[in-house]
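Coordinate analysis (summary)
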Amino acid sequence: MKFLRVNLTEQTIHWQDYPEMYKGLGGRALTSTLVNNEVPPTTDALGNENVLVFAPGYFSGTTLVNTSRLSVGAKSPLTGGIKESNVGGTVAFSLVRLGIGAIVVEGAVPEGSCLLLNIDKEGSASLENADDLKGLRTYSCVEKIHEQYGESVSVTCIGPAGEAQLLSASIQSTDLDGRPCRAAGRGGLGAVMGAKGLKALIVSTKGKVPVEISDQETFKAAASAYAKDVLADEFSGELLPEFGTAVLVEPINAAGAFPTNNARLGQFEGVEKINGETIARVIKERGGKTTHKGCSQCIINCSNEFVSESGKYVTSSLEYETIWAMGGMIGNDDLDAIATLDFLCDDIGLDTINTGNALAVAIDAGYAEFGDSATAIRLVEEAASGTEMGKLIGNGPDAVGKHFNHDRVPTVKGQGMAAYDPRPLQGMAVTYATSPMGADHTAGWVVNHNLEAFGGTIDGHKAEGQVKISRDTQIHMAAVDSVGICDFAQSGLATEDGIANVYKMMGAKLGRQYTADDWTELGIHVIRTEIDFNRRAGFTSKDDRLPALFYNEPLPPYNVVVKVTDEEMDSTFDY
Amino acid sequence: MKICLKLYGTLPNYYQGPYQSTGIAIILDHGATVEKLADITGIPKKRIGLVSINNRIAKSFDIIPDGAEVKFMPLIASG
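Since we're looking at a predicted model, the values are computed, not measured.

Quick word on the overall build of chain A
Regarding its fold elements, chain A presents 22 helices and 17 strands. Its C-alpha atoms give chain A a radius of gyration of 22 Å, within 12% of the compact-globule value 25 Å for 575 residues. C-alpha atoms of chain A, sized along the principal axes, occupy 55 × 50 × 50 Å. Counting all 575 residues of chain A, 61% fall into the buried class. Taking the intrachain contacts of chain A between residues at least 6 apart in sequence as the baseline, contacts between residues at least 24 apart amount to 72%.

And the structure:
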């Protein structure tokens with residue numbers, strides 16, 4: 001495995017043996033360690049000193065299912081701290097099969113220029129002029145690339161939002177159907193790519209470089225057992241293929257944790273029009289796909305293809321976070337409008353979570369009425385055309401709040417919260433506040449600990465026990481993000497035997513004994529590294545707080561506020 | 001007493017009887033709990049991740065009032 005170092009200022013490409021100091025690291029562990037080592041923490045995230053790192057998970061490219069995750073890392077222009085955002089599709093698998101463990105993009109092309117990085121089936125890399133792709137939205141960009149380079153390439157690119165360096169800009173990547181509908185959405189990393197003048201990364205899907213594994217037999221046996229567990233699990237084996245992540249809409253709404261009308265309410269009146277069951281029914285009636293494979297090596301098939309009444313493709317995949325961000329959060333119960341907004345965000349290259357939050361703040365500040373989906377669509381379009389209001393929306397909820405002098409802005413470290421209000425799910429308050437990533441649900445999703453009707457383990461309305469649960473989950477997830485296991489395939493490691501299979505695979509790949517302590521140490525290393533970067537960038541414990549509204553405004557219908565104290569927050573990662 | 005039961009996710013597959021998405025009417029004894037309702041439906045309790053009564057989260061021991069709308073939802077994991 002090699003590192004590919006690309007210097008855009010000098011327009012040079014340099015292959016490097018996998019550095020000893022990064023051996024055994026992949027995904028988030030690799031991007032965060034490298035960013036912490038190479039990026040001056042106080043530098044301008046959109047300046048030449050920032051580096052953009054693409055790193056497949058440690059298990060990506062192996063025979064283990066559901067491991068086609070690519071971590072993208074850099075200093076975030078949105079949060080001002082370190083960022084890792086990961087994406088599925090085909091790119092991670094393809095890179096590993098070309099023998100590439102990481103791409104490190106340094107410097108920037110002169111302003112006004114635009115390049116792409118092409119890695120062909122022989123593993124040769126070249127920087128090529130991409131002026132003809134400039135300004136294109138992602139679907140058009142990919143179409144043009146496929147015309148020129150053929151269909152057997154994975155494309156990871158930015159849209160107009162990234163080129164304009166808007167702070168909610170995503171990096172979009174193609175799925176198995178060649179559509180740029182998979183997003184490394186969080187933290188504005190599309191703006192970093194745009195600032196560097198890199199429009200697209202093209203990776204051949206024809207690589208055949210074998211993955212180095214010390215003990216093939218052990219790895220194969222553990223990977224096979226893992227896959228069986230994923231398929232046997234009710235959530236990953238039955239619910240996700242049938243309903244996708246939209247199956248979460250009803251339960252989270254019932255828990256009063258579905259942020260509605262810019263987090264003024266915890267339940268959405270129009271929920272039955274946008275829940276997973278309705279979406280599955282509508283998709284089937286219209287001839288779309290409810291069971292759809294989006295990523296290499298996937299056996300869950302949680303993706304879907306949402307189509308119009310006439311059966312025409314609208315978007316893929318319509319997922320829980322977007323259904324909330326473009327639905328309940330802005331008071332919109334029009335499913336077709338939600339699907340259109342999802343497509344627009346993918347096409348323009350915007351994070352749906354941050355953009356939905358930005359729209360909600362604008363509406364809450366009086367710009368429009370909750371439920372006005374036509375205005376929401378217009379504003380997202382304007383993010384691409386570059387009007388002043390469009391730029392505000394594309395720069396995220398903090399920018400909108402500042403413009404309207406409106407303080408009901410649901411962000412931490414500048415990043416918009418996801419679809420779980422932390423007031424009835426206090427463990428999510430801890431995760432949002434203390435994650436080095438800013439408000440990030442995937443950093444430590446502790447919803448299920450709070451919501452079990454039969455044998456629940458913790459009271460979601462109380463602070464007791466939430467710090468420990470969030471801490472343990474954040475450490476675990478930092479390790480999961482490093483090996484590249486998809487969030488939805490965690491059913492494979494949910495039991496003692498399941499996680500033991502992961503340790504076996506780690507040991508088999510590394511060529512040494514691997515234990516639970518090693519796994520925990522990996523997660524702690526990642527979080528310590530990220531906190532170290534953030535501290536050196538100027539972050540203090542005061543940045544590990546939620547906005548005042550979550551402490552002061554009781555959320556209907558349960559009328560709870562966040563009760564986790566500042567001292568408890570500070571005890572989460574007392575490094 | 002009569003209540004309306006709505007099932008989500010794949011739970012309709014486990015209901016012992018015809019199910020329609022608008023919900024089904026079920027006759028219960030006064031004082032019946034969520035657990036009792038689960039027994040009547042035949043849906044394995046391990047499949048029921050979350051229950052609400054009139055849009056408020058309920059536990060297995062909660063008593064269901066007359067005319068209530070009860071929702072059985074599946075187990076969930078990370079979204």
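Structure shown, so let's carry the discussion forward.
Describing the overall build of chain B
Helix and strand counts for chain B come out as 1 helix and 5 strands. Listing the helices and strands of chain B from first to last along the sequence gives β-β-α-β-β-β. Taken over the C-alpha trace, chain B has a radius of gyration of 12 Å; the compact-globule value for 79 residues is 12 Å, and the two agree within 12%. Taking the principal axes of the C-alpha coordinates as reference, chain B spans close to 35 × 25 × 20 Å. A total of 79 residues make up chain B; the buried ones form 39% of that total. Taking as baseline every contact in chain B between residues at least 6 positions apart, the subset at least 24 positions apart corresponds to 67%.

Quick notes on the sheet that holds strand E1 (residues 2–7) of chain B
All names here are of chain B. Taking strand neighbours across the sheet as the criterion, the 5 strands line up as E2-E1-E5-E3-E4 in an open arrangement whose pairing is mixed. Edge positions in the open sheet fall to strand E2 (24–27) and strand E4 (56–58), since each of these has one partner strand only. Pairs of neighbouring strands in the sheet enclose a mean axial angle of 35°, with direction left out of account. Note that strand E3 (residues 48–53) and strand E5 (residues 69–74) share 5 bridges and pair antiparallel. In the strand pairing of E5, serine 52 is matched with lysine 71.

Regarding the interface of chain B and chain A
Facing 25 residues of chain B, the contacting portion of chain A comprises 28 residues. Those elements that place two or more of their residues in the side of chain B that touches chain A are E3, E4 and E5 of chain B. It is E3 of chain B that contributes the most residues to the side of chain B that touches chain A, 5 residues altogether. Residue composition of the side of chain B that touches chain A, grouped by class: 11 nonpolar, 9 polar and 5 charged.

A closer look at the sheet that holds strand E13 (residues 289–292) of chain A
Residue and element names in this part refer to chain A. Pairing in this open sheet of 3 strands is antiparallel, and the strands run E13-E14-E15 from one edge to the other. In this open sheet, the two edge strands, each paired with only one partner strand, are E13 and strand E15 (313–315). When the angles between neighbouring strand axes are averaged without regard to direction, this sheet yields 40°. The strands that helix H12 (residues 335–348) touches are strand E14 (303–307) and E15; relative to E15, the one it contacts most, it runs at about 75°.

Section: the nonpolar core
Counting 203 residues, the largest nonpolar core has Val53, Ala200 and Ile202 of chain A together with Phe72 of chain B as its most contacted members. Excluding anything up to four places from it in sequence, alanine 200 of chain A contacts Leu116, Ala130, Leu133, Cys141, Ile145, Val155, Thr156 and Cys157 of chain A.

Describing the pairing of E1 of chain B
Residues and elements named next belong to chain B. Where E1 meets E2, 4 bridges bridge the pair, whose relative direction is antiparallel. In the sheet register, isoleucine 3 faces E2, and the bridge partner there is isoleucine 26. Alignment of E1 against E5, held across 4 bridges, turns out to be parallel. Within E5, the residue paired with cysteine 4 across the bridge is glutamate 69.

Some points on helix H1 (residues 34–41) of chain B
Residues and elements named next belong to chain B. For H1, every residue scored as buried is listed here: Val34, Leu37, Ala38 and Thr41. Looking straight down H1, one finds that the buried residues subtend no more than 100° of arc, so they occupy a single side. Check the buried side of H1 and you find it contacts E3, E4 and E5. Two residues or fewer past H1, glycine 42 is found with a positive phi of approximately 80°.

Looking at the confidence of the model for chain B
Averaged over all residues, the pLDDT of chain B is 94; the fraction at 70 or higher stands at 99%. ipTM for the predicted complex: 0.96, alongside a pTM of 0.98.

Observations regarding the pairing of E14 of chain A
All names here are of chain A. For E14, the tally of buried residues reaches 5 of 5 residues, placing the bulk of the element in the interior. The two faces of E14 match: Ser303, Glu305 and Val307 on one face and Asn304 and Phe306 on the other face are all buried. When E13 meets E14, the two strands line up antiparallel, connected through 2 bridges. Of the residues in E14, the one forming a bridge with histidine 292 is serine 303. The hairpin turn running from E14 into E15, its antiparallel successor, is 5 residues long, and glycine 311 in that turn takes a positive phi close to 85°.

Remarks on unusual backbone geometry
Cis geometry marks the peptide bond from serine 316 of chain A to serine 317 of chain A; its omega dihedral reads -5°. Note that serine 317 of chain A resides in the loop between E15 and helix H11 (320–325). The amide bond that connects proline 556 of chain A to the next residue, proline 557 of chain A, takes the cis arrangement and shows omega of 5°. Looking at where proline 557 of chain A falls in the secondary structure, it is placed in the loop between helix H21 (549–552) and helix H22 (566–570). In this model, glutamine 165 of chain A sits at a positive phi of 60°, which is unusual for a non-glycine residue. By the element assignment, glutamine 165 of chain A lies in the loop between helix H4 (160–163) and strand E10 (171–173). Given 20 C-beta atoms within a 10 Å radius, glutamine 165 of chain A is considered buried. We note that asparagine 55 of chain B has phi near 65°; this positive angle belongs to a residue other than glycine.

Here we look at the environment of glycine 107 of chain A
Among the structural elements, glycine 107 of chain A can be located in the loop between strand E6 (100–106) and strand E7 (115–119). Residues glycine 107 of chain A and valine 6 of chain A, 101 residues apart in the sequence, show an inter-C-alpha distance of 8.4 Å.

Conventions adopted
- Residues numbered from 1 in each chain as written.
- Chains lettered and ligands numbered in written order.
- Predicted model: local features only at pLDDT ≥ 70, side-chain atom pairs only at ≥ 80, totals over all residues.
- Helix = DSSP H or I, 4+ residues; strand = E, 2+ residues; numbered from the N terminus.
- Rg over C-alpha atoms; globule rule 2.2 N^0.38 Å.
- Buried ≥ 20, exposed ≤ 12 C-beta atoms within 10 Å, placed from the backbone.
- Contact = placed C-beta atoms within 7 Å.
- Pairing = 2+ DSSP bridges.
- Axes fitted to C-alpha atoms, helices over the stretch in contact; angles between N-to-C directions.
- Nonpolar A, V, L, I, M, F, W, Y, C, P; charged D, E, K, R; others polar.
- Core = buried A, V, L, I, M, F, W, Y, C linked by C-beta atoms within 7 Å.
- Arc of directions from axis to C-beta.
- pLDDT = per-residue confidence, 0-100.

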